[in-house]
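# Observations on the model geometry
Residue strings, one per chain:
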Amino acid sequence: MNQLAINGGTPVRTRPFTEWPVHDEREVEAITEVTRSGKWWRFAYASGVELNEDLSGRDLSKVVQFGIEFARFQDARYGIAMANGTGTLEVLLRALGIGPGDEVIVPAYTYVASATAVLQVNAVPVFVDVQADTYNLDPTLLEAAITDRTRAIMPVHFGGQSCDMDAILAIAHKHGLAVIEDAAHGHGSEWRGRKVGALGEGGSFSFQASKNMTAGEGGIVITNDHDLAEKCDSLLWAGRKKGRPWYEFHQLGWNYRMTEFQAAILLVQLQRLAEQNERRMENARYLSQQLAGIVGIQPLRWDERATKHSFYLYILRYDPAAFAGVPRTRFVEALSAEGIPAATGYTFPVYANPMFASQNFHGKGCPITCPYYGKQVDYAAFAAACPVTERACYEESIWLEHRLFLGERKDMDDIVEAIAKVKANIGSLK
Ligand SMILES: Cc1ncc(COP(=O)(O)O)c(C=O)c1O
């Protein structure tokens, strides 16, 4: 019998997958150019640029230029680049006037920032479960979560697949709610032929190291709303106002500025994104076809209306019953030993993290006990309302990173072979 690598056998694969980040001389030249220029900082607050105008021949800060180019790429009019994709969410919420006493609906299956950005503006995150077969916010559960305090819905395009934006936008319009897309995974992703991020009021992206384009850190807000763009730009500049003296501050802002170095790298990374995403989609499609015959391991459903999928994460649903009851963590260890890097994803649903369990938000209990809100939110109670998220976190989800999908078909065949091998030898894993 072909012994499992975890038990001392020969691994299916010893060759590494594509390393991430992908980079070449263009990034080196971009950084060198910024270094030599001495312009290391976004050198104009009020850029004076109408964001959809012709840029040729203009001496623009790279940060401003990147904001414009990324927004264009993502089918939006305005792009406001920032330091990271957590601050962008906070800025967007603040710019929309969301604050104490307000509720924002967020999916329970997401990175903590989707919820903590809401807490940072002293509003209350209300968790809604995700769909069992896409791990995206379940629109059929939204209306039951809407109260007279709800101000916004924050869909997260999980793993790079667009949420059902038709359903979410329809419900938001019916109830007069803002839609803030957390598109931290959605670079280049589309919903019915339109890129995500500015399908509602505005959206946020992350350029942190693991993302499909990166400068190590970074983020951006995109929107089609001029006033919202201006408010965001002011907030990330400590509350300055376009056209007003430098040391004049008009609203409570912060410093979320991106550096010229980050923007220079991101301008290069953006050039590769569309082609890389095509390759990810092609390999993902092929892998899903090849996995169809293996009972108990099922990729998330790719909704055909999600016309482009960034595949930031390719997610498998693991059914221990089809693997002789072997828990997912053990299966993932065996798969990794076969040379296929895999992970189980989030430790907890967001609401089950220690900070929610202890209600330790701002030391003095705000926003949950603040006078505007006046009641205690029982975050533990969300467990009963979010069975899909519970299962995904504790039993089911297996994440494969997007870099695995940047190589050849043979890489996909190795993934299939390793999964089949572990399954065939599952008895030896116990
Ligand atoms: C869904 C989601 N939202 C927000 C963020 C925050 O982005 P950043 O790490 O750039 O602050 C992340 C980062 O992983 C994320 O996955």
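Further up the page is the structure itself.
Residues numbered from 1 in each chain as written. Predicted model: local features only at pLDDT ≥ 70, side-chain atom pairs only at ≥ 80, totals over all residues. Heavy atoms only, no water.

## Points about the site of the ligand
Surrounding the ligand, one finds 15 residues, the nearest of these being Thr86, Asp182, His185, Ser206 and Lys211. The side chain of threonine 86 places a nitrogen or oxygen atom 2.5 Å from an oxygen atom of the ligand. Histidine 185 places a side-chain nitrogen or oxygen 2.7 Å from an oxygen atom of the ligand. Among the detected pockets, the ligand sits in the largest pocket. (Near = heavy atom within 4 Å. Polar contact = N/O pair within 3.5 Å; in protein donor to acceptor, adjacent residues only side chain to side chain. 1 Å grid on protein atoms, 1.4 Å probe; cavity = no way out; pocket = protein on both sides within 12 Å on 5 of 7 lines; lining within 4 Å. Sits in = over half its atoms within 2 Å of the grid points.)

## Thoughts on the pattern of salt bridges
According to the stated counting rule, one finds 26 salt bridges in the structure shown. Its salt-bridge partner being arginine 279, residue glutamate 408 comes within 3.7 Å of it at the nearest N-O pair. With glutamate 408 in the loop between β12 (397-401) and α13 (409-424) and arginine 279 in helix α8 (residues 260-291), the pair connects residues that are 129 residues apart, well separated along the chain. The class for arginine 279 is partly exposed, based on a relative accessible area of 36%. One salt bridge connects lysine 410 with aspartate 414, and the closest N-O pair in it is separated by 2.5 Å. Remark: aspartate 414 and lysine 410 occur in helix α13; sequence separation between them is 4 residues, near one turn of the helix. A network of salt bridges, in which partner residues are shared, links Arg13, Arg15, Lys410, Asp411 and Asp414. (Salt bridge = Lys/Arg side-chain N within 4 Å of Asp/Glu carboxyl O. Helix = DSSP H or I, 4+ residues; strand = E, 2+ residues; numbered from the N terminus. Buried < 20%, exposed > 50% of the residue type's maximum accessible area, 1.4 Å probe, protein only.)

## Focus on helix α9 (residues 328-337)
Within α9 the residues assigned to the buried category are Arg328, Phe331, Val332, Ala334 and Leu335. Projected onto a plane normal to the axis of α9, the buried residues spread over an arc of 160° and lie on a single side. For α9, the elements touching its buried residues are β10 (297-299), β11 (313-318), α12 (387-396), β12 and α13. Among the residues trailing α9, glycine 339 stands out with phi positive, at a value near 95°. (Arc of directions from axis to C-beta. Contact = heavy atoms within 4.5 Å.)

## Overview of the packing of aromatic side chains
A full pass over the atoms with the stated rule returns 27 aromatic pairs. Between the aromatic rings of tyrosine 109 and tyrosine 346, the centroid separation amounts to 5.3 Å while the plane-to-plane angle is 65°, which identifies the pairing as edge-to-face. Placement of the pair is tyrosine 109 in the loop between β2 (103-107) and α4 (113-120) and tyrosine 346 in the loop between α9 and α10 (354-357), with a sequence separation of 237 residues. The exposure classification of tyrosine 109 matches that of tyrosine 346, with both residues buried. Taken together, the ring pairs connect Tyr109, Tyr135, Phe158, Tyr346 and Trp399 into an aromatic cluster. The ring of phenylalanine 17 carries the charged tip of arginine 13 above its face, separated from the ring centre by 3.8 Å. Seen from the ring of tryptophan 237, arginine 257 lies directly overhead, with NZ or CZ sitting 4.7 Å from the centre. (Phe/Tyr/Trp six-rings, centres within 6.5 Å; stacked < 30°, edge-to-face > 60°. Lys NZ or Arg CZ within 6 Å of the ring centre and 35° of its normal.)

## Digging into the environment of valine 130
As for its placement among the helices and strands, valine 130 is situated in the loop between β3 (124-128) and α5 (142-145). Assessed through its relative accessible area of 1%, valine 130 is described here as buried. Each C-alpha atom, one on valine 130 and one on leucine 60, is 42 Å from the other, the two residues being 70 residues apart in sequence. Apart from the residues lying within four places of it in its own chain, the contact partners of valine 130 are Pro107, Tyr109, Tyr135, Asn136, Leu137, Asp138, Val388 and Thr389.

## With respect to unusual backbone geometry
Most peptide bonds are trans, and most residues other than glycine sit at a negative phi. The omega torsion of the bond from tryptophan 20 to proline 21 falls at 5°, within 30 degrees of zero and hence cis. With respect to the helices and strands, proline 21 occurs in the segment before α1 (25-37). Backbone geometry places alanine 238, a non-glycine residue, at a positive phi of 65°. Classification of alanine 238 as partly exposed rests on a relative accessible area of 27%.

## Some words on the layout of surface pockets
Here the idea is plain: a probe the size of a water molecule rolls over the atoms and shows the empty space left. Approximately 360 Å³ is the volume attributed to the largest pocket. Along the wall of the largest pocket there are 21 residues; nearest its centre are Tyr111, Ala184, Ser206, Gln208 and Lys211. Residue classes in the lining of the largest pocket are distributed as 9 nonpolar, 9 polar and 3 charged. In this structure, the second largest pocket encloses a volume near 180 Å³. (Points joined across faces, edges and corners; volume = space filled by probe spheres on them. Nonpolar A, V, L, I, M, F, W, Y, C, P; charged D, E, K, R; others polar.)

## Brief notes about the packing of helix α3 (residues 87-95) against helix α7 (residues 226-236)
For the pair α3 and α7, interaxial distance at closest approach is 9 Å and the crossing angle is 125°. Accordingly, the angle class assigned to the pair α3 and α7 is oblique. Considering the relative orientation of α3 and α7, their crossing is right-handed. When α3 is examined against α7, the residues Val91, Leu92, Arg94 and Ala95 are found in contact with a partner set consisting of Leu228, Lys231, Cys232 and Leu235. Considered class by class, the residues forming the contact of α3 with α7 number 6 nonpolar, no polar and 2 charged. (Axes fitted to C-alpha atoms, helices over the stretch in contact; angles between N-to-C directions. Parallel < 35°, antiparallel > 145°, perpendicular 65-115°, else oblique. Left-handed = near helix turned anticlockwise from the far one by under 90°.)

## Some details on the side chain of lysine 195
Within the secondary structure, lysine 195 is located in strand β7 (residues 194-195). In this structure lysine 195 is buried but unpaired, with glutamate 190 as the nearest side chain of opposite charge at 4.4 Å. A polar contact is formed between the side chain of lysine 195 and the backbone oxygen of phenylalanine 73, at a distance of 3.0 Å. Once you skip the residues sitting within four places of it in the chain, lysine 195 turns out to touch Phe73, Gln74, Asp75, Gly188, Ser189 and Glu190. (Lys, Arg positive; Asp, Glu negative; His and termini not counted.)

## Describing the state of the cysteines
By the definition in use, this model includes 0 disulfides. Looking at the unpaired cysteine 393, the closest cysteine sulfur is the one in cysteine 386, lying at 9.9 Å. (Disulfide = S-S within 2.5 Å.)

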